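Report on the structure
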Amino acid sequence: MTSSTLTAPAARRGSDYARLSRRVAAEGLFDRRPGRYAARIALTLGAFVAGWAAVVAVGDSWWQVPMAVLMAVATTQVAFLGHDAGHRQMFRRRGPSEVAGLVAGNLAVGLSYGWWVDKHNRHHANPNHADEDPDVGAGALVWTYEQVTATRGLSRWMARRQAWLFFPLLLLEGLALHVASVRALIGREPDGRWSTPVRHRAVEGLLLLAHTAGYLGLLFAVMSPGRALLFAAVHQGLWGLYMGCAFAPNHKGMPMPTAEDDLDYLRKQVLTSRNVRGGRFVDVALGALNYQIEHHLFPNMPRANLRRARPIVRAYCAEQGIPYTETGLFESYRQALAHLHEVGRPLRRG
């Protein structure tokens, strides 16, 4: 996508987002939904705890393999609660939001809440910007031609085939998230400063230790070492795959702004985001992240209100002549993979 595609018209664009916000506010869509969230939290955490109780009840059996699959789903749903807490969708005040995020992230999932909030806020500030968005920085995958040209050795071999490697690599995403969480809590700069700003570093560290001890202790207490390791591999692999499949449709393959693009907030968020069509099942399966445009425009909007905001935002974008991208789930994956394949094309040409 070229810069000219992203450049917004100068006239009146500074007030475009304010007008849209007033329309959304008039429908009460910024109001908190305490009843809905209380029910969602109870059901999600209830299923999560019940799942672990079932793991204990099943004992040292090969039935633990399908249990690991179910627990990967339950773990991802708990992670979605942590996402909502990080955006203060549940509570207006920071304190209750942080408690919910620490319990869901550090204790239940084994993911540093503070690290994730810092990383995710930078993503929201500059979505799909190769120099500013950590989600599209060069790593196991590369997202721009400039990143491709900088690859060497194994990274270059992977970049050439990255569209084919995308889903297999997601099986390692869970492990990568755990490692990144630990590094964020203990990592320091050469001058001694902490590498990642984390408000409750000691608490997060203790909760991560409690998660690790509880997770491994339960598995090895209930199963033989071989089955425990197999359970962990299936559970962590599928959790990473599920997380990646929930986040990949949102921006991958969408325009990537550069420093030369002059975009206001409204266009920056809409043009780089993609919605995924679907019914209530897709809403639940993706944690309502399928309403990515609305979520990026209004990050603290309660999850249950995003569906209602969609027609308002879509109509407003049509009025302003702003492309509003929405596809089916499988089409979103096709577009993301097509982008990865295209970026690696120069390497395949030799």
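Refer to the structure above for everything that follows.
Computed from a predicted model, the values in this text were never measured in an experiment.

1. A look at the packing of helix α9 (residues 162-170) against helix α12 (residues 225-251)
Across the interface, α9 lies against α12 with an axial gap of 7 Å and an inter-helix angle of 130°. One way to sum up the angle between α9 and α12 is to call them oblique. Taking contact as the criterion, the partners of F166, F167 and L170 in α9 are, on α12, G237, G240, L241, G244, C245 and A248. Each residue belonging to the contact of α9 with α12 can be placed in one class, and the counts come to six nonpolar, three polar and no charged.

2. Considering the nonpolar core
W52, L219 and F231 are the most contacted members of the largest nonpolar core, which has 32 residues in total. With seven residues, the single largest contributor to this core is helix α4 (residues 64-86). Of all hydrophobic cores here, the second largest spans 21 residues; its members include L263, L266, V313 and C317.

3. Details of the environment of L207
Within the fold, L207 resides in helix α11 (residues 201-222). Taking the C-alpha atoms as reference, L207 lies 29 Å from A140; in sequence the two are 67 residues apart. With sequence-adjacent residues up to four places away left out, L207 is seen in contact with L102, N106 and L107.

4. Details of the pattern of salt bridges
Counted under the stated rule, the structure contains 16 salt bridges. Between E98 and R199 there is a salt bridge, and its shortest N-O distance comes to 2.7 Å. Linking E98 in helix α5 (residues 94-109) with R199 in the loop between α10 (173-186) and α11, this pair joins segments that are 101 residues apart in sequence. What you see here is one network of salt bridges that share partners, running through D16, R19, D264 and R267.

5. Describing the packing of aromatic side chains
In the structure shown here, the tally under the stated rule is nine aromatic pairs. Pairing F30 with F298 gives two aromatic rings, centres 5.3 Å apart and planes at 70°, and the pair type is edge-to-face. Here the residue F30 occupies a position in the loop between α2 (16-26) and α3 (34-58), and F298 occupies one in the loop between α15 (292-297) and α16 (303-320), the gap between them amounting to 268 residues. You can call F298 buried: its relative accessible area is 2%. Taken together, a centroid distance of 5.8 Å and an interplanar angle of 80° make the contact between F167 and Y333 edge-to-face.

6. A closer look at the environment of M158
Within the secondary structure, M158 sits in helix α8 (residues 153-160). When sequence neighbours within four positions are dropped, the list of residues in contact with M158 reads A140, L165 and L169.

7. Concerning a nonpolar patch on the surface
Together, V99, V103 and L107 give the surface a local cluster of nonpolar side chains, amounting to about 230 Å² of exposed area. Here V99 shows up in helix α5.

8. Side note on the side chain of R303
Assignment of secondary structure puts R303 in helix α16. Take R303: its relative accessible area is 6%, and that puts it in the buried class. Among all residues touching R303, those that are not within four sequence positions of it are Y37, R40, F80, L81, D84, Q89, G287 and A288.

Criteria and thresholds
Residues numbered from 1 in each chain as written. Predicted model: local features only at pLDDT ≥ 70, side-chain atom pairs only at ≥ 80, totals over all residues. Heavy atoms only, no water. Axes fitted to C-alpha atoms, helices over the stretch in contact; angles between N-to-C directions. Helix = DSSP H or I, 4+ residues; strand = E, 2+ residues; numbered from the N terminus. Parallel < 35°, antiparallel > 145°, perpendicular 65-115°, else oblique. Contact = heavy atoms within 4.5 Å. Nonpolar A, V, L, I, M, F, W, Y, C, P; charged D, E, K, R; others polar. Core = buried A, V, L, I, M, F, W, Y, C linked by side-chain atoms within 4.5 Å. Buried < 20%, exposed > 50% of the residue type's maximum accessible area, 1.4 Å probe, protein only. Salt bridge = Lys/Arg side-chain N within 4 Å of Asp/Glu carboxyl O. Phe/Tyr/Trp six-rings, centres within 6.5 Å; stacked < 30°, edge-to-face > 60°. Patch = residues over 30% accessible without salt bridge, like charges linked within 9 Å, V, L, I, M, F, W, Y side chains within 5 Å. Areas by Shrake-Rupley, 256 points an atom, 1.4 Å probe, with all protein chains shown as cover.

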